[in-house]
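Below, each chain spelled out in residue letters.
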Amino acid sequence: MSPTEYLDLGDPTFHTDRFAVYRQLRDHDPVARTGPDGARIVLSRYADVERIFKDPLMRVQPAAGRFPDNIGTGAGATFHQLSLPDLDAPTHTRLRKLAVQAFAPRTMATMRSWVEEIIAGNIEALGAADGEVDFVETFAQRVPAEIACRLLHAPASDAGTVLRRMPALNPLLSHGPITPEQLAAGDETAEFYFDYLGRIVDSLRGRLGPEDPVGALMRAEEAGGRLSRDELIVTLVGFFVASYHTTMTAMTNAVHALLRHPGQMRLLAAEPDLAPAAWEEVLRWQSPVHFITRYAGYEFELHGETIAEGTQLLLGIASANRDERRFADPDAFDIRRTGNRHLAFTAGGHYCLGAPLSRLEGEIMLRLLPRRLPAMTLTVPDPPWSDDLVFRWMTALTVAPNGV
Ligand code: HEM
């Protein structure tokens, strides 16, 4: 295949109608080559994407057991080397077993009341607004920031500072090229987080029970080194990093989808017990994360193509979630859909650790919002979308919370 035939994921037409491109790929090019030399492979069918996620021999690290050479040796490198999404077995397995305790049923049970308080308070604030507001700014950014702060016992007033610094970590976590300036900024930011959360953790010593998410992790740390102090802090910062953008996007997508489908909004208002299923359908229909990367852990054949060991695989979550081979009428937004085993949280060993919290947030929001703000209207029907390949989100969503 010549380079001109390689899939161009930077092409502006791709961003204007991604779902049409995904359908083309599923039907005609399920093992699509991309990148200047065609070395990266895009998988778009549900069965293929799920298979790679579930295969324990597929890696998140480009080379087995080796961290990228360009992350230096400072605080940023420590951050990368202890972050769950960047680790393979056996370190990932050990850390994950400990980290998962933060969202165990006994901790989840204690979170419901304060998560509800934060969401209900922000719905009230939205309802008090006059005329038009940007839902992203007034609700979808605030709620996950407040929840993440409450989760980590950080003052809500620090949310702005903590979140503003986060993007500086991305170059260190993304396995791409890093400039010396980016490395310096990443190191400085990692040091900030070690210091900031270190102080919070120290102030909480002896005060939290095992039913608190941070308390559950601190017990593992205090129980004789099963979790080091650095591991504890990186895991906690990871909750912030992993939850903020995804949740903001999913909440915006939920309101957008329901306002574009008023029949579904009315159904949800009449039957609030559909809220959990509606959240799953939002995640399937407009998945906040479009692609996740893995590296082939061994050579294998797929649809007649040989994929070499070490090949970078771009796993198309948003495409898989619209695959007609897996979902009936996949482009329809249907909150009554059953058997909705979407891949928005992926599958296998790295499956989203915070999925129980996300589901709690989604359920509460979708139970309360249609009843409290039944007249909410979309005043700009076609909102602007980011053209980020991996994270696709609406940069603004203008609504009239009490109708026009
Ligand atoms: C709608 C909201 C969310 C979506 C769509 C989402 C999606 C994802 C995705 C796609 C991954 C990558 C999994 C992989 O590489 O296979 C992930 C990982 C992760 N998520 Fe979420 N997430 C959400 C909310 C949250 C929340 C609320 C938290 C915690 C407070 C969280 C914590 C994590 C962590 C710690 C990981 C790393 C897991 C690992 O590598 O073992 N996420 N999430």
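Above this note sits the structure.
Residues numbered from 1 in each chain as written. Predicted model: local features only at pLDDT ≥ 70, side-chain atom pairs only at ≥ 80, totals over all residues. Heavy atoms only, no water.

Draft legend 1. Local environment of the coordination of the iron atom of the ligand. Coordination of the iron atom of the ligand by the protein comes from a single atom, Cys 352 (SG), at 2.3 Å. Here Cys 352 is to be found in the loop between helix H16 (317-320) and helix H17 (355-372). (Donors = N, O, S within 2.8 Å, 3.2 Å for Na, K, Ca; no water. Helix = DSSP H or I, 4+ residues; strand = E, 2+ residues; numbered from the N terminus.)

Draft legend 2. Expanded view of the site of the ligand. By nearness alone, 25 residues border the ligand, and His 92, Arg 294, Thr 346, His 350 and Cys 352 come closest of all. Between the ligand and the protein, one listed contact pairs an oxygen atom with a side-chain N or O atom of Arg 96 at 2.8 Å. Measuring from an oxygen atom of the ligand, one finds a side-chain N or O atom of Arg 294 at 2.6 Å. Elements with a contribution of two residues or more to the shell around the ligand: helix H5 (91-99), helix H13 (229-260), strand S4 (291-295) and H17. Residues of the shell around the ligand, tallied by class, amount to 15 nonpolar, 8 polar and 2 charged. (Near = heavy atom within 4 Å. Polar contact = N/O pair within 3.5 Å; in protein donor to acceptor, adjacent residues only side chain to side chain. Nonpolar A, V, L, I, M, F, W, Y, C, P; charged D, E, K, R; others polar.)

Draft legend 3. Main features of the sheet that holds strand S3 (residues 133-134). The strand order across the open sheet formed by 3 strands is S3-S9-S8, and the pairing between neighbours is antiparallel. Of all the strands in the sheet, just S3 and strand S8 (377-378) have a single pairing partner and so form its edges. Relative to strand S9 (residues 398-400), S3 runs antiparallel, the two sharing 2 bridges. Residue pairing for S9: Val 133 is matched across the bridge by Val 399. (Pairing = 2+ DSSP bridges.)

Draft legend 4. Local environment of the sheet that holds strand S1 (residues 31-34). Pairing within the open sheet is mixed, and its 4 strands lie in the order S1-S2-S7-S4. On the outer flanks of this sheet lie S1 and S4, each paired with one strand and no other. Taking each pair of neighbouring strands and ignoring which way they run, the sheet shows an average axis angle of 30°. (Axes fitted to C-alpha atoms, helices over the stretch in contact; angles between N-to-C directions.)

Draft legend 5. Layout of the side chain of Thr 311. On the secondary structure map, Thr 311 appears in the loop between strand S6 (305-307) and strand S7 (312-316). Separated by 2.7 Å, the side chain of Thr 311 and the backbone oxygen of Ala 308 make a polar contact. Dropping the residues within four chain positions of it, Thr 311 is found in contact with Ala 39, Ile 41, Arg 294, Tyr 295 and Ala 296. (Contact = heavy atoms within 4.5 Å.)

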